[in-house]
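# Reading the structure
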Amino acid sequence: MDREIQQLVEMGATATQARAALKKYKDVMQAAEKFFEGEFEHVVEDDIGRAHQYQSSTIVTANVEMENEDEDGELEEDEGSDAYIDYDSDDDDGMSKGPGVHKVNDPYAGIFFSKDRREEVIEVEEEPIFVSVPEVDQKVQLMTQGKWMAGCAEGGEQSFLFSLYSQLSESQLSDVDGICPCPSGCGQTVTRKQSDFFAVYPDFATYIKHLQSIVPQKCIKCQTEFCFACGEKFSQQASDPLWHCSNLQSVILGVGLFMIQKLFEQQKEDSESRDTTEREAKRRKTRDIDDDDPIGGLGQKKGGIGYAGEVKEDSSGQAEAQAIQFAKDSTIRALLAEVRAYLPSLQRPGGARPSDYLPHPSSLTHLRRRFNLIASELLRNDSLADMSDRHGLYFELLEWLETISSHESLCSMMPMPIMKNISQQTVVKKSSHPTIRERKIIYEGSASPRELLEAIALQAQAALKGLESSRAPDDLPPEPSEEQKRKAVVVIKGKPKEDTLPDSLDETAKLYSFCNRLLATTAQIDRSLRELKGDDFVNRMHQSLPKAFTSASDTIYVDVGDTEEDAKEAYVKWATSSRFEYCDLTIPATDDSDETLNYKHYFNNEIRMLANANIPKRSVAIAKELAILTTNLPVAWDSSIFLRVDDTRVDVIKCLITGPEGTPSRPSYLFDVFLGANYNQSSPSVKYMTTNGGKYRFNPNLYADGKVCRWSPRTWSGPGWVPFKSTLLQVLISIQSMILCEEPYLNEPGWASSAGTPQSKAYSANCRRMVVRVAMLDALRNPPEPFEEVIRTHFRLKARSIQEQMDGWLNEDDGRALVPDGAEYSGPGRDSSPSGPNGFKEDIDALADLLKDL
C-alpha cells in the first residue's frame, strides 16, 4: 500500500488524497485517473495539519496568501483556504463553493484571467536518473515523470501528460502501459522503455536521429509496419516517420523545450556567476588601491567618471562579455530553430503533416509551461538597443510567436497571463516510508506573451519616430512590404542563417529594420488571432495591453475613491497611462516669411539651429532614448516622472518630476530638456523652470537661473555623464532621487556632513515655504504647458495626503521670513531669528481652498 501511495503522491496527490483514492479504487491506475478527474479534490491533508491543498490540475485556492513557516518547516493553516475559484468563469459568482453553485458561462474565462491569480502546486523532488543509450558514450539524464508534468497546470492538463508519459514508457502502475501491441492483432508486442522517448541527449539532432531509428517498427511475426509511439499502422511509406502521429509531435516538443529550458537556465547561471566574479575582482582592486593610498584616496586624481571628472570609465572586458553573450545567443537560437520545426503549423513548407491538424493536447501545455518562461525572460528586456544588437535570437523568438499564433489549437496562449514561480518551499515528510521531499510552489499571474510584446512594440514605434523625425525624408530606407518585414529572417529546414541582418548595414539601418520586423510580427499575430478567434477575442485582448500615446490625450476624469488606498491605486493607474505622450510644443507662426518653427522651450534658439540637421549617430541615440522612455519612466504614489515630447521634433522635451513623499520638494517641478547636436557624446541640455521667474533656489543643485548643477560643466567633480553610455532616463531618475531629497541642504558638497543641524532644518523650512507658494499655489493657478491636466489630476488625487502634510509643515515652520535662497539662514553670523508673520499660513489656507475646488 505504501508504494501505491507514493506513486500517487509523485503524480501530485497529497498522502490523504492518495489513501482515499486507493480505498475506493483498489487499482492504482484507476485511482490515478479519478484523482486527475478531480474526484478527490475535497479531501484535506489532515495528518500534518495542512490546509486544503490541491494539485493545480483541478480547482485551486483563490489568492493564496504566503503562509508563515512553523518551527518544523511545515506551513501554517490559512483560515481563508476554504474558498476556491472555478477558472471556467471570470465572475465572482462563478466561485466553486459546493455543488449546485451557478456558474457564469464565459467561453474565454480560462484565457483572460486576472494576473492577481495565484496557484499552489505541490511537486515531489526527484533524484536525477541517468541511463546508458547506444548513440552516445556517456550516460544521459532521463526526463522523469515529475519533470514531464512539472509546472502550473490548467484544467485537465495533468491527465493528458500523465496518460502520454505512461503510454510511452515502462510503468509500475499497470501491466498495459509501456506495451505496444502489433496493430494487426497477431499477438506480438514490443515493450517501450523510458529511455526510448524521454532520454535527454546532449544535442537535439542526436535525439531526433534516435527517434527516427526506433519509431518505425516491423512486427517480427507478421511483418506489419507500425508506429512505435501510437501503435498504429503506417498508412504509407513516410519520408519522415516522426510526423506520423500527434503523440510523437508532443513528446518531441516536450523534450525539446526541456532541453531549451535547461540550456537557458544554465546560461543564466553562468552569467550570474561571471557577474559575481567580476564584482569581487573590482572590489579587490579597489581595496588594493586604498591600501596603497593610506590617506584615504586623497593621493588619487580628483574627479568623477565622465563629463566633469578626470577619471575614465573602466570598460575593460566589455568586448569579451559581448562576444560571450553573442556565442550564447547563437547556441540557444540554433536549438530554438531546430525544435520549432516540430511546432504544429498549417503553413509548413511542403504542406502540413497529419499531426499538424490535430495536435496532442499536451503540446499547448509544454508551450505554456516552458516556452512562456523563456519568452518572458527575453521580452522583459527593457533595452530595444540590446534586442537590436542580439537580433538573431530575437528574430527566432518572433518566429515562434508567429507560428504559435497562427494555429487554432495554440493561439489561445498569446493573451493568457504567464504563471511564474514566485516562491517555493521544501517540505520533508518524515512520516512517510521512504521519506518524501516535496516542493510547495506558489505561482502568480504575470503579463501575457502578447502584453510583453506590446510593451516592446511601443518602444519600437517610439524608436522609428525618433529616426524618422531626425532625418530628411529622402534619407530614410524604403518602407518594406508586410511580407518583407515578416520574412526578415529566412529559415531553411528550421535552421537560421548565420546573419539575420547583413553586417554591411549601419547602426541606423539595423535598428530601423529590427523595429519594422518587430511591428510586423505584432500585426501578424493580431491578424492571425482575429481570423482564428474573431473580433471579440482580439478586442478583449487589446483591453489589457499597454496603450500608445501619439498625442496629448483627452481629459479623462479619474475617481479618487473613498480611501487613501483607493487614491493610490487610481494615481498609479492614471500616471502609468499619462507618463509619456507626444504633443505640439511649437508656437504658432506670426511671420510667414520665417519657415523655421519656434518652440515653447528655453532652448528654442538651439532647437531652431538644428531644424534640418541629419546626424546619424545622434538620430540612433535619440531613437534608443525614446524607446527606453516610452515604457520605463518611474511611476509611484510617492514620486513620478512625466514627459511630453514634440510630435515632429522628438529632441524637444518637457519634463515634470513630482518630489518624493516626506521631502520639502513634494510637489511638481518643470524641466526643459533638449538633446543637442552632440548627443549622446555630450549630456542633454536640462533647464530647471520652477524658479518663480529666476528668483528662487529650492536646492543647492538647482540654481535660481535654472542651471542643474550635476550636468553643468565645471560645477562639481562627482560622477557625471559617460559619453555614449549614460541615458536621459538616468539623468531624470538621478534628479528625482538625489536632488529632490529629504534634506536638500546636504546636496552642497561642503555641507554634506550637516544632517539634522539647525542650518539644515532652517534650509528645509525655507524650502517648504517656497514650495507652497511657487510649486503648489502658482502651479495650480497657472499650470505650465503642456502639463495642465497632469498638474490638476496630480493635486486632486493627492489632495487628502497633501492637506495632512501641509498641517505638519505648518507646525514645523520656524516662523522666519521667506528668502530666495535658504543658504542665507545657514552661514556663520546670519540672523536666524523669526521676523514676524511670514505669510506661510495664508499660503497654506489658499492652497486648501484650491484643493477643495479640485
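Residues numbered from 1 in each chain as written. Predicted model: local features only at pLDDT ≥ 70, side-chain atom pairs only at ≥ 80, totals over all residues. Heavy atoms only, no water.

- You'll find the chain entered in an unreviewed UniProt entry as UBC core domain-containing protein, with Lentinula detonsa given as the organism.

### Describing the overall build of the chain
- A tally of regular secondary structure across the chain gives 25 helices and 21 strands.
- In the chain, which comprises 854 residues, the share counted as buried stands at 51%.
- Sequence-distant contacts, at least 24 apart, represent 68% of the contacts inside the chain between residues at least 6 apart. (Helix = DSSP H or I, 4+ residues; strand = E, 2+ residues; numbered from the N terminus. Buried < 20%, exposed > 50% of the residue type's maximum accessible area, 1.4 Å probe, protein only. Contact = heavy atoms within 4.5 Å.)

### Some words on the nonpolar core
- Within the largest apolar cluster, 108 residues are counted, with the highest numbers of intra-cluster contacts made by F197, Y207, V251, L367, F371 and W400.
- Counting residues in hydrophobic clusters, the runner-up holds 69 residues, among them L729, L780, L797 and I802. (Core = buried A, V, L, I, M, F, W, Y, C linked by side-chain atoms within 4.5 Å.)

### Some words on a negative patch on the surface
- Taken together, the side chains of E265, E269, D270, E272 and D275 define an acidic patch exposed on the protein surface.
- As for its placement among the helices and strands, D275 is situated in helix α8 (residues 246-292). (Patch = residues over 30% accessible without salt bridge, like charges linked within 9 Å, V, L, I, M, F, W, Y side chains within 5 Å. Areas by Shrake-Rupley, 256 points an atom, 1.4 Å probe, with all protein chains shown as cover. Salt bridge = Lys/Arg side-chain N within 4 Å of Asp/Glu carboxyl O. Lys, Arg positive; Asp, Glu negative; His and termini not counted. Charge placed at Lys NZ, Arg CZ, Asp CG, Glu CD.)

### Some points on the side chain of E451
- Tracing the backbone shows E451 in helix α14 (residues 449-469).
- You can call E451 buried: its relative accessible area is 14%.
- Excluding its chain neighbours within four sequence positions, the residues that come into contact with E451 are K115, S544, L545 and P546.

### So, the sheet that holds strand β8 (residues 199-200)
- Ordered in space as β4-β5-β8, the three strands form an open sheet in which the pairing is antiparallel. Looking at the sheet topology across the chains shown, the edges are occupied by β4 (130-131) and β8.
- Pairing between strand β5 (residues 140-142) and β8: two bridges, direction antiparallel. Among the inter-strand pairings, L142 is bridged to a residue of β8, identified as A199. (Pairing = 2+ DSSP bridges.)

### Re a nonpolar patch on the surface
- On the surface, L346, Y357 and L358 cluster together to form a nonpolar patch covering roughly 360 Å² of accessible area.
- Mapped onto the elements, L358 comes out in the loop between α10 (354-357) and α11 (362-379).

### Here we look at the pattern of salt bridges
- One pass over the structure, following the stated rule, counts 36 salt bridges.
- We note a salt bridge from E157 to R368, for which the minimum N-O separation is 2.8 Å. Of the two residues, E157 is situated in helix α5 (residues 157-167) and R368 in helix α11; the sequence distance between them amounts to 211 residues. We note that E157, like R368, is buried.
- Here K193 ties to D196 by a salt bridge, and the two come within 3.5 Å at their closest N and O atoms.
- Assessed through its relative accessible area of 7%, D196 is described here as buried.
- Each member of the salt-bridge network shares a partner with another, and the members are R769, D813, D814 and R816.

### A short note on the packing of aromatic side chains
- Evaluated as defined, the whole model comprises 22 aromatic pairs.
- Note on Y571 and W574: the rings are 5.3 Å apart at their centroids and 65° apart in plane angle, and the pair reads as edge-to-face. Taken together, the positions of Y571 and W574, both in helix α18 (residues 564-578) and three residues apart, correspond to about one turn of that helix. Like W574, Y571 is buried.
- With 5.2 Å between their ring centres and 40° between their planes, F671 and Y688 make a pair best called tilted. Here F671 is found in strand β20 (residues 668-674), whereas its partner Y688 is found in strand β21 (residues 685-688), with 17 residues between them in sequence.
- Judged by its relative accessible area of 2%, Y688 is buried.
- The ring of Y582 carries the charged tip of K465 above its face, separated from the ring centre by 4.8 Å.
- If you follow R697 out to its NZ or CZ, it ends over the ring of Y703, 4.1 Å from the centre. (Phe/Tyr/Trp six-rings, centres within 6.5 Å; stacked < 30°, edge-to-face > 60°. Lys NZ or Arg CZ within 6 Å of the ring centre and 35° of its normal.)

### Notes on the confidence of the model for the chain
- Averaged over all residues, the pLDDT of the chain equals 78, while 74% of them reach at least 70.
- When the elements of the chain are averaged for pLDDT, strand β2 (residues 84-85) gives the smallest value, 28, and helix α13 (residues 391-405) the largest, 95.
- Confidence drops under pLDDT 50 across residues 485-499; counting only partners more than four residues distant or on other chains, this segment forms 29 contacts.
- With pLDDT under 50 throughout, residues 711-718 is counted as low confidence; its partners more than four residues away or in other chains account for 16 contacts. (pLDDT = per-residue confidence, 0-100.)

### Overview of the packing of helix α22 (residues 758-781) against helix α25 (residues 840-853)
- For the pair α22 and α25, the least separation of the axes is 10 Å and the interaxial angle reads 30°. The angle between the axes of α22 and α25 places the two elements in the roughly parallel class. Our pair here, α22 against α25, has a crossing hand that is left-handed. In contact with R768, R769, V772, R773, M776, L777, L780 and R781 of α22, α25 contributes F840, D843, I844, A846, L847, L850 and L851. (Axes fitted to C-alpha atoms, helices over the stretch in contact; angles between N-to-C directions. Parallel < 35°, antiparallel > 145°, perpendicular 65-115°, else oblique. Left-handed = near helix turned anticlockwise from the far one by under 90°.)

### Brief notes about the sheet that holds β20
- Pairing is mixed across the open sheet formed by five strands, whose spatial order is β15-β18-β19-β20-β21. Because the sheet does not close on itself, it has two edges, and the strands there are β15 (580-583) and β21. If you compare each strand with its neighbour and ignore which way they point, the axes differ by 25° on average.
- Looking at chain direction, β20 and β21 are connected through four bridges and run antiparallel. Bridge pairing links D672 to K687 in β21.
- Helix α23 (residues 788-797) rests against β18 (641-646), β19 (652-658) and β20 of the sheet, and its axis sits at about 10° to β19.

### A few points about α11
- Compared with the 26 Å implied by 1.5 Å per residue over 18 residues, the 24 Å span of α11 between its first and last C-alpha is a close match.
- Within α11, the axis deviates most sharply at F371, by approximately 40°.
- Within α11, 16 of the 18 residues are buried, leaving the element largely enclosed by the surrounding structure. (Expected span 1.5 Å × (residues − 1). Bend = angle between axes of the 7 residues up to and from the residue.)

### Examining unusual backbone geometry
- Here Y679 and N680 are connected by a cis peptide whose omega angle stands at 5°.
- For N680, the position within the fold is in the loop between β20 and β21.
- Cis geometry marks the peptide bond from E785 to P786, where omega comes out at -5°.
- Secondary-structure assignment places P786 in the loop between α22 and α23.
- A positive phi is found at N692, a non-glycine position, where the angle reads about 55°.
- Among the secondary structure elements, N692 is positioned in the loop between β21 and α21 (728-739).

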